[in-house]
Amino acid sequence: AQTVTQSQPEMSVQEAETVTLSCTYDTSESDYYLFWYKQPPSRQMILVIRQEAYKQQNATENRFSVNFQKAAKSFSLKISDSQLGDAAMYFCAYRSENAGGTSYGKLTFGQGTILTVHP
Amino acid sequence: NAGVTQTPKFRILKIGQSMTLQCAQDMNHNYMYWYRQDPGMGLKLIYYSVGAGITDKGEVPNGYNVSRSTTEDFPLRLELAAPSQTSVYFCASTWDSGNTIYFGEGSWLTVV
């Protein structure tokens, strides 16, 4: 079974600064997806960024980028030019690419990191 | 475009009562999921379905039941509610394992 670990329960950053959230995972599979989700106080689940394991290039979405280290099973999220609206809980999640077997596209989540942005 | 719709959004149950959380999607998705999120924690999979008539247990299925009689609907039944089932429940769906997963807005359940 896959596991996802976020070792930082809380992080804080000054507005306009850069912050990096850490995530490690454990899997024996070679093909999979990794995600970062943002969850504001409303509890809505918002997809921030997605990485396919077969791609060597790190994914980027505007101010959000990842550092994907497949051999190390590490998947960190970098938020540049932090804004007050970035304050939320962030979840790292894993998903197998294998539609069959026992995966069926299920997401496995980490415990989450609460990000505070100071003005 | 409604996406994934969950009802009710908020509910207070007494210990031992039963209820059904409704989930409907209008995207013709095959795969549907129910997750629960306890305070300060990540989401854990309760049940999932890969198509009408097919359901299977996830990580934390005890105390719950599901059915999938149509592609659109995936209700979650709580029998004999317990305080440990106080949580936020999320329904999600996707076309297949490689596509984006869409989440509902969550249902906040308190058992007292």
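Residues numbered from 1 in each chain as written. Chains lettered and ligands numbered in written order. Predicted model: local features only at pLDDT ≥ 70, side-chain atom pairs only at ≥ 80, totals over all residues. Heavy atoms only, no water.

**Student:** Describe in detail the sheet that holds strand β8 (residues 76-78) of chain B, supporting the description with residues and values.
**Tutor:** Two pairing modes exist for strands in a sheet, parallel and antiparallel, and in both the strands are linked by backbone hydrogen bonds. Residues and elements named next belong to chain B. Taken together, four strands build an open sheet; the order of strands is β1-β3-β8-β7 and the sheet is antiparallel. Each edge of the sheet is formed by a strand with only one pairing partner; in this case those strands are β1 (4-7) and β7 (64-66). On average, adjacent strands in this sheet sit at an angle of 20° to one another, irrespective of strand direction. (Pairing = 2+ DSSP bridges. Helix = DSSP H or I, 4+ residues; strand = E, 2+ residues; numbered from the N terminus. Axes fitted to C-alpha atoms, helices over the stretch in contact; angles between N-to-C directions.)

**Student:** Run through the environment of A:S82, naming residues and quoting values.
**Tutor:** Residues and elements named next belong to chain A. One can find S82 in the loop between β9 (74-79) and β10 (88-96). Using a relative accessible area of 1% as the deciding quantity, one classes S82 as buried. Remark: the alpha-carbon pair of S82 and Y54, spanning 28 residues in sequence, is separated by 29 Å. Discounting residues that sit within four places of it in the chain, S82 has contacts with V13, Q14, E15, A16, E17, T18, V19, R63 and V117. (Buried < 20%, exposed > 50% of the residue type's maximum accessible area, 1.4 Å probe, protein only. Contact = heavy atoms within 4.5 Å.)

**Student:** Describe in detail the state of the cysteines, supporting the description with residues and values.
**Tutor:** Per the stated rule, a full pass over the model turns up two disulfides over all chains. Put simply, A:C23 and A:C92 are joined by a disulfide, and their sulfur atoms are 2.0 Å apart. Across the S-S bond linking A:C23 and A:C92, the dihedral sits near -70°, which makes this disulfide left-handed. In this pair, A:C23 sits in the loop between β3 (19-21) and β4 (24-26) while A:C92 sits in strand β10, placing the two residues 69 residues apart along the sequence. In this pair, the class of A:C23 matches that of A:C92, namely buried. Each disulfide pairs two cysteine sulfurs, and for B:C23 the partner residue is B:C91, the sulfurs being separated by 1.8 Å. Note on the B:C23 and B:C91 pair: the S-S dihedral is about -75°, so by sign convention the disulfide is left-handed. (Disulfide = S-S within 2.5 Å.)

**Student:** Describe the pattern of salt bridges, and please don't skip the residues or the numbers.
**Tutor:** Per the stated rule, a full pass over the model turns up seven salt bridges over all chains. Of the charged contacts, one joins B:K9 and B:E105 as a salt bridge, the two residues approaching to 3.9 Å between their closest N and O atoms. You can see B:K9 sitting in the loop between β1 and β2 (10-13) and its partner B:E105 sitting in the loop between β10 (102-103) and β11 (107-111), a full 96 residues away along the chain. Judged by relative accessible area, which is 42%, B:K9 ranks as partly exposed. In this structure, the salt-bridge partner of B:E79 is B:R77, at a minimum N-O distance of 3.1 Å. Assessed through its relative accessible area of 32%, B:R77 is described here as partly exposed. Look at the salt bridges and you will find they share partners, linking A:R50, A:E52 and A:K55 into a network. (Salt bridge = Lys/Arg side-chain N within 4 Å of Asp/Glu carboxyl O.)

**Student:** Any details on the interface of chain B and chain A? Residues and values, ideally.
**Tutor:** Listed per partner, the contact involves 22 residues of chain B and 24 residues of chain A. Regarding the contact of chain B and chain A, the summed buried area is about 1900 Å², with carbon and sulfur atoms giving 58% of it. On inspection of chain B and its partner chain A, the count reaches zero salt bridges. Classifying every residue of the side of chain B that touches chain A by side-chain character gives 13 nonpolar, eight polar and one charged. (Buried area = accessible area lost by both parts, 1.4 Å probe. Nonpolar A, V, L, I, M, F, W, Y, C, P; charged D, E, K, R; others polar.)

**Student:** Describe in detail the nonpolar core, supporting the description with residues and values.
**Tutor:** Most often, soluble globular proteins have nonpolar side chains that are buried together. All names here are of chain A. Among the nonpolar cores identified, the biggest contains 25 residues, and Y25, W36, F75, L77 and Y90 are the most heavily contacted of them. Of all the secondary structure elements, the ones that give two or more residues to this core are β3, β5 (32-39), β6 (46-52), β8 (64-69), β9, β10 and β12 (113-118). No other element matches the four residues that β10 contributes to this core. Leaving out residues up to four positions away in the same chain, Y90 has contacts with Q6, L21, W36, Y37, K38, V48, F64, L77, I79, G112, T113 and L115. (Core = buried A, V, L, I, M, F, W, Y, C linked by side-chain atoms within 4.5 Å.)

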